[in-house]
Structures are given as structure tokens and as C-alpha cells.
Amino acid sequence: MFKDFQIAEAHCDIPCKIYDPAISQVAALSVVRLIDLLHEIDENDNSLKSIAHRSRLVIEKEAQAKIVKNEVNIIWGDYFKAPQIEAHPNVHTLVHEIMMTASKCKQDVIRENAEELVKKVNEFATIFWSTKGIETENVVCPYPPELIVSRPKLDSV
Amino acid sequence: MLPTIKHNDYLLTLKINKIKKNNVVVASSGDKKFIVKRIKDISDKFITFSSDNKKTESEFCDKKFPLNTNVNRAFLIYRYPFNFEIL
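Residues numbered from 1 in each chain as written. Chains lettered and ligands numbered in written order. Predicted model: local features only at pLDDT ≥ 70, side-chain atom pairs only at ≥ 80, totals over all residues. Heavy atoms only, no water.

A closer look at the overall build of chain B
Phase 1 of the analysis: Secondary structure summary: chain B contains 0 helices and 7 strands in total.
Phase 2 of the analysis: Secondary structure elements of chain B, listed N to C terminal, follow the sequence β-β-β-β-β-β-β.
Phase 3 of the analysis: Across the 87 residues that make up chain B, the buried fraction comes to 41%.
Phase 4 of the analysis: Element-wise, carbon and sulfur atoms account for 54% of the exposed surface of chain B, whose accessible area totals about 5,800 Å². (Helix = DSSP H or I, 4+ residues; strand = E, 2+ residues; numbered from the N terminus. Buried < 20%, exposed > 50% of the residue type's maximum accessible area, 1.4 Å probe, protein only. Areas by Shrake-Rupley, 256 points an atom, 1.4 Å probe, with all protein chains shown as cover.)

Shown next, in the form of C-alpha cells:
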């Protein structure tokens, strides 16, 4: 008797969405750290070991900046919909600025650019959590480069 | 739509003209698919839906659907084997 019943779905997104800007925040902090490590290398040391080390750091800096761009893009493109955008109309500009700043970090080894990237990604994280009605707090990350990060205030269990 | 409706529940729905805010409805989402949601708001031009399950997000929630969207009000839930609930 029930076989002719129509199926109605309550969920349309598979899998259920799990979004967290923490990945992009850690990647942005990594960019700062990698730039610091690059500056610590002796510029006059042109040994093979030093060149290999330098190359490794540059490649990883590129990769981490790309992670920032990718993760922020996913949250902005998939999670942010009309209600979130109406509540935060500046999010488009902010995301574009993050893309530009991440590219600058890829192109150069200027710490200020990377610090700016961390700052903007923190701003994005604060907006993201506010759309979920979750308060954020600014804390200093307990590892190098020991910069301020915005994190959600979550209930402990 | 947890906790109101669980997977594999059967819904008795009727096409009625007066759909109100907070009614549980089965609506046509296009592509011959149906979605079960709660009416969040009805304006002169649009209907918006919400879900009872706040742990998940749906692309259909908070999206503006035209008033002529095929919406049927759900009146009764049947859950196997002997569970009935009036909405």
C-alpha cells in the first residue's frame, strides 16, 4: 500500500555541512611562520643544503597561502547565502581582499603582508561565527608566530 | 526536520489554500522532488521555509519561493508500527 507514496526530503545537502574557518586561520599563521623562517636563513649561505631548505620553505609558503584561498572560497561560496550576506554585506569585499593578500604572500616574503592576511582571515572567522550566533574571542596562538587569532567561544562538555 | 519528523515517517498532507506560518508542509522543489519544511514566513510575494533541525543547513531554508509554489500542509505523522502524531 505504501509503495506508491512520494518521498519528501528534509535535507538537500549531502554530506551535512561542516565548515570551520580554523583551517584557513592555521594556514595564514603558517604563512607568517614560513616567512620568518625564510628570513632566518643566512643569505650568504649558498650551499646545496641551504638552497634545498629555502626551496622547501617557499614551496610550503605557496601551499599554505593557497589553502587560505581555497578554504575561504569554500565557506564564502558554499555556506554564505542570502541571509548571511544581507547581515554582512561587506563579506564580498573582505573575501576579495583575502584573495589579493594571499596572492601577495605568494609573490613576496614580506611579513607585513602575511600579518595582514591573518588579520583579514580573523575578520572573516568572526563574521562566520556570528552568522551562527556564536560569540568569538581574540587569543594569542600558543605557538610561533604567536599572533592574535579569533576563535569561537564554545561550551565545554 | 528532526525532532518533529524522522527518517521513514509517513506524512498525511492535504492541498489547502490557507497555509500559515509554522505549518509543516511538503513543497515541490522542482525536478519532481519534494521537500518537507516548516513555513518560516509568508509575504505578499514569497514563502520562506525553515527546518526544525538546527544542526543542519539546507539550501531551501531562507530562500524565497514564489507564492505559487506547490505547497501541501502536513496534518498527520505516521511512524511504524503504531505511532500517530497530529501536527
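Quick word on helix 4 (residues 91–107) of chain A
Phase 1 of the analysis: For helix 4 of chain A, built from 17 residues, the straight-helix expectation of 24 Å at 1.5 Å per residue is met to within 8% by its first-to-last C-alpha distance of 24 Å.
Phase 2 of the analysis: What helix 4 of chain A keeps buried is the set V91, L94, V95, I98, M99, T101, A102, S103 and C105 of chain A. (Expected span 1.5 Å × (residues − 1).)

Overview of the nonpolar core
Residues and elements named next belong to chain A.
Phase 1 of the analysis: Residues V68, F80, I98, L117 and F124 are the most contacted members of the largest nonpolar core, which totals 32 residues.
Phase 2 of the analysis: Secondary structure elements with two or more residues in this core: helix 1 (22–40), helix 2 (48–79), helix 4 and helix 5 (111–131).
Phase 3 of the analysis: At 9 residues, helix 5 tops the list of elements feeding residues into this core.
Phase 4 of the analysis: Beyond its immediate sequence surroundings of up to four residues, L117 is in contact with A28, V31, V68, I98, T101, A102 and C105. (Core = buried A, V, L, I, M, F, W, Y, C linked by side-chain atoms within 4.5 Å. Contact = heavy atoms within 4.5 Å.)

Concerning the packing of helix 4 of chain A against helix 5 of chain A
All names here are of chain A.
Phase 1 of the analysis: Interaxial distance between helix 4 and helix 5 falls to 9 Å at its minimum, and their mutual angle equals 150 degrees. Here helix 4 is positioned roughly antiparallel relative to helix 5, judged by the angle of their axes. Remark: the crossing between helix 4 and helix 5 carries left-handed chirality. Contacts between helix 4 and helix 5 involve V91, L94, V95, E97, I98, T101, A102, K104 and C105 from the former and N113, A114, E116, L117, K120, V121, E123, F124 and I127 from the latter. (Axes fitted to C-alpha atoms, helices over the stretch in contact; angles between N-to-C directions. Parallel < 35°, antiparallel > 145°, perpendicular 65-115°, else oblique. Left-handed = near helix turned anticlockwise from the far one by under 90°.)

A closer look at unusual backbone geometry
Phase 1 of the analysis: That bond from P144 of chain A to P145 of chain A is cis: its omega, 10 degrees, falls within 30 degrees of zero.
Phase 2 of the analysis: Within the secondary structure layout, P145 of chain A lies in the loop between strand 2 (136–140) and strand 3 (148–152).
Phase 3 of the analysis: Backbone geometry at N8 of chain B places phi at a positive 80 degrees, although glycine is not the residue there.
Phase 4 of the analysis: The phi angle at N22 of chain B is positive, at roughly 80 degrees, despite the residue not being glycine.
Phase 5 of the analysis: Along the polypeptide, N22 of chain B turns up in the loop between strand 1 (10–14) and strand 2 (24–30).

Any link to function would need more than the numbers given here.
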